[in-house]
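So the chains spell out like this:
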Amino acid sequence: MHCPYFDAARCRSCTLLGQPYTDQLAGKQRHCEDMLAEHTRLSWLPPVASADAGFRNKAKMVVSGTVEQPSLGILDAAGFGVDLSDCPLYPLSLQATFPVLAAFITQARIEPYDLTRRAGELKYLLVTQSPDGELMVRFVLRSQEPVARIRKHLPGLQAALPRLRVASVNLLPEHKAVVEGEREILLTEQETLRMQVNGIDLHLRPQSFFQTNTAVAAALYRQARAWVDEREPASVWDLYCGVGGFALHVARPGRVVTGVETSPEAVVSAETSAREAGLRDVHFHADDATAFALRATPPDLVVVNPPRRGIGPALAGRLEDSTVRHVVYSSCNAESLARDLRAMPSLRPREAQVLDMFPNTTHYEVLVLLERSG
């Protein structure tokens, strides 16, 4: 991938961009194998490559500059904006939305937030594009002051972006290093963006998490589904389920699937998808994964997809001491994965696959099938 921002040293977010993509992927495979080297009977599937450009379905754009000349991108080390409106990580269809959104900022007179002065309103624009090209746009604001103007001019934005389906305001009054706050104000009648993956409709609400690389996420779900179906469990937990990607992929008639996620927004999204698909044996709960697992009767198989910190000793201990026969572990951090596996010695890693969810960086996803010994 050629990137003028990288070449000019204006953005170095893609730390591996100077390496050929085949070398990047091979390096990630080696790193993951090294992290799990103690598991000598682990069989590796071929790694899943990604397009090295145009793969991101979501843009988290820092808004800086002025009302008349807003900048959408990142901040440099001095706190000044670097406009990344034509960043090659985004597909051209997503890139095309950024000038329209910049013009909307000017029209609605939304003052960009100035990090150094701690003044202004608009901190981020969060733009998500579905596989069908439909859009969700979220305005992350310091206060509600611009909301009336955003509502007033929203019909014009919808006319300029006819595939805009969901628009909202997120309120982040605090000056801290997070992308969004807790309160969301929906501005459109439609509440969810439909993300079709492997023929399954996943509904994404404004505060729900979804993988940023749709094609690789689809491969991740397909492999997990294949492993689960081969083992024919009667009951499955999907812990840290998000909007229900794994749960909805492994659902089958007569198989009871339970998804658990702390985000109520994500749970509502997952329930919507299950209801529309007519899946009566799939249920979702807004709960802490560990707390749920400690009090509930274990199923035949568990899928876990934790954040970078991993599942932790309490949940690992619960799975180790349970009757669960198989675990499918999806990890974005091989270091925490290796630590969790050591805490579950009775659940032996049998197969694994590296999936390059984040090209041009050191990050990747790895999927591991664990099987209880004995």
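Scroll up for the structure.
Points about the sheet that holds strand E6 (residues 135-141)
As summarised here, the arrangement of the seven strands in space is E4-E3-E2-E5-E6-E7-E8, forming an open sheet in which the pairing is mixed. A strand with exactly one partner marks an edge of an open sheet, and here the two such strands are strand E4 (81-83) and strand E8 (183-186). Direction aside, the axes of adjacent strands within the sheet are offset by 40° on average. By the bridge criterion, three bridges tie strand E3 (residues 70-75) to E4 in an arrangement that is antiparallel. Residue Gly-73 lies in a different strand from E4, and its bridge partner there is Asp-83.

A closer look at the pattern of salt bridges
When their charged atoms lie close together, side chains carrying opposite charge are able to pair. One pass over the full model with this rule turns up 18 salt bridges. The residue Arg-205 makes a salt bridge to Glu-265 at a minimum N-O spacing of 3.3 Å. Of this pair, Arg-205 sits in the loop between strand E10 (200-204) and helix H6 (214-231) while Glu-265 sits in helix H8 (residues 264-277); the two residues are 60 residues apart in sequence, bridging distant segments of the chain. By the burial criterion, Arg-205 is buried, and Glu-265 matches it. Connected through salt bridges with shared partners, the residues Glu-111, Asp-114 and Arg-117 form a single ionic network.

Describing unusual backbone geometry
Here Asn-198, not a glycine, exhibits a phi torsion of approximately 55°, which is positive. Within the fold, Asn-198 resides in the loop between strand E9 (193-197) and E10. Positive phi is not limited to glycine here, since Tyr-240 has a value of about 60°. In this fold, Tyr-240 is placed in the loop between strand E11 (235-239) and helix H7 (245-250).

Comments concerning the sheet that holds strand E17 (residues 365-372)
If you trace the eight strands from one edge of the open sheet to the other, you get E1-E16-E17-E15-E14-E11-E12-E13, paired in mixed fashion. In this open sheet, the two strands that pair with only one neighbour each are strand E1 (43-44) and strand E13 (282-286). Contacts from H6 reach E11, strand E14 (301-304), strand E15 (326-331), strand E16 (347-355) and E17 within the one sheet, and its direction differs from that of E17 by about 10°. Helix H11 (residues 334-342) rests against E15, E16 and E17 of the sheet, and its axis sits at about 155° to E15.

Brief notes about the packing of helix H4 (residues 97-107) against helix H5 (residues 147-160)
Running from amino to carboxyl end, H4 crosses H5 at an angle of 155°, the nearest separation of the two axes being 10 Å. In terms of their interaxial angle, H4 and H5 are classed as roughly antiparallel. As H4 packs across H5, the resulting crossing turns out to be right-handed. The segment H4 lies against H5, with Val-100, Leu-101, Phe-104 and Gln-107 engaging Ile-150, His-153, Leu-154, Leu-157 and Ala-160.

Some points on the state of the cysteines
Under the criterion given, the structure shown has zero disulfides. Here Cys-241 is not cross-linked by a disulfide; its sulfur's nearest cysteine counterpart is in Cys-332, at 16 Å.

Things to note about the packing of aromatic side chains
Summed over the entire model, instances satisfying the criterion amount to four aromatic pairs. Note on Tyr-90 and Phe-98: the rings are 5.5 Å apart at their centroids and 75° apart in plane angle, and the pair reads as edge-to-face. Neither Tyr-90 nor Phe-98 differs from the other in exposure class; each is buried. An angle of 85° between the planes, with centres 4.9 Å apart, marks the rings of Tyr-221 and Phe-246 as edge-to-face. Of this pair, Tyr-221 sits in helix H6 while Phe-246 sits in helix H7, and the two are 25 residues apart along the sequence. Across the pair, Phe-246 and Tyr-221 agree in class, each one buried. Between the NZ or CZ atom of Lys-123 and the centre of the ring of Tyr-113, over which it lies, the distance is 4.8 Å.

Regarding the pairing of E14
Residues in a regular strand point their side chains to alternate faces of the sheet. Taking every second residue as pointing to the same face, both faces of E14 are buried, with Leu-301 and Val-303 on one and Val-302 and Val-304 on the other. Bridge count for E11 against E14 is four bridges, and the pairing is parallel. Note on E14: the bridge partner recorded for Asp-238 is Val-303. As paired elements, E14 and E15 share four bridges and run parallel to each other.

Here we look at the environment of Pro-131
When you line up the elements, Pro-131 lands in the loop between strand E5 (122-129) and E6. Given a relative accessible area of 41%, Pro-131 falls into the partly exposed group. In the structure, Pro-131 is positioned 205 residues away from Ser-336 in sequence and 31 Å away in space, judged by C-alpha atoms. Apart from the residues within four sequence positions on either side, Pro-131 is in contact with Met-195, Gln-196 and Thr-214.

How each quantity is defined
Residues numbered from 1 in each chain as written. Predicted model: local features only at pLDDT ≥ 70, side-chain atom pairs only at ≥ 80, totals over all residues. Heavy atoms only, no water. Pairing = 2+ DSSP bridges. Helix = DSSP H or I, 4+ residues; strand = E, 2+ residues; numbered from the N terminus. Axes fitted to C-alpha atoms, helices over the stretch in contact; angles between N-to-C directions. Salt bridge = Lys/Arg side-chain N within 4 Å of Asp/Glu carboxyl O. Buried < 20%, exposed > 50% of the residue type's maximum accessible area, 1.4 Å probe, protein only. Contact = heavy atoms within 4.5 Å. Parallel < 35°, antiparallel > 145°, perpendicular 65-115°, else oblique. Left-handed = near helix turned anticlockwise from the far one by under 90°. Disulfide = S-S within 2.5 Å. Phe/Tyr/Trp six-rings, centres within 6.5 Å; stacked < 30°, edge-to-face > 60°. Lys NZ or Arg CZ within 6 Å of the ring centre and 35° of its normal.

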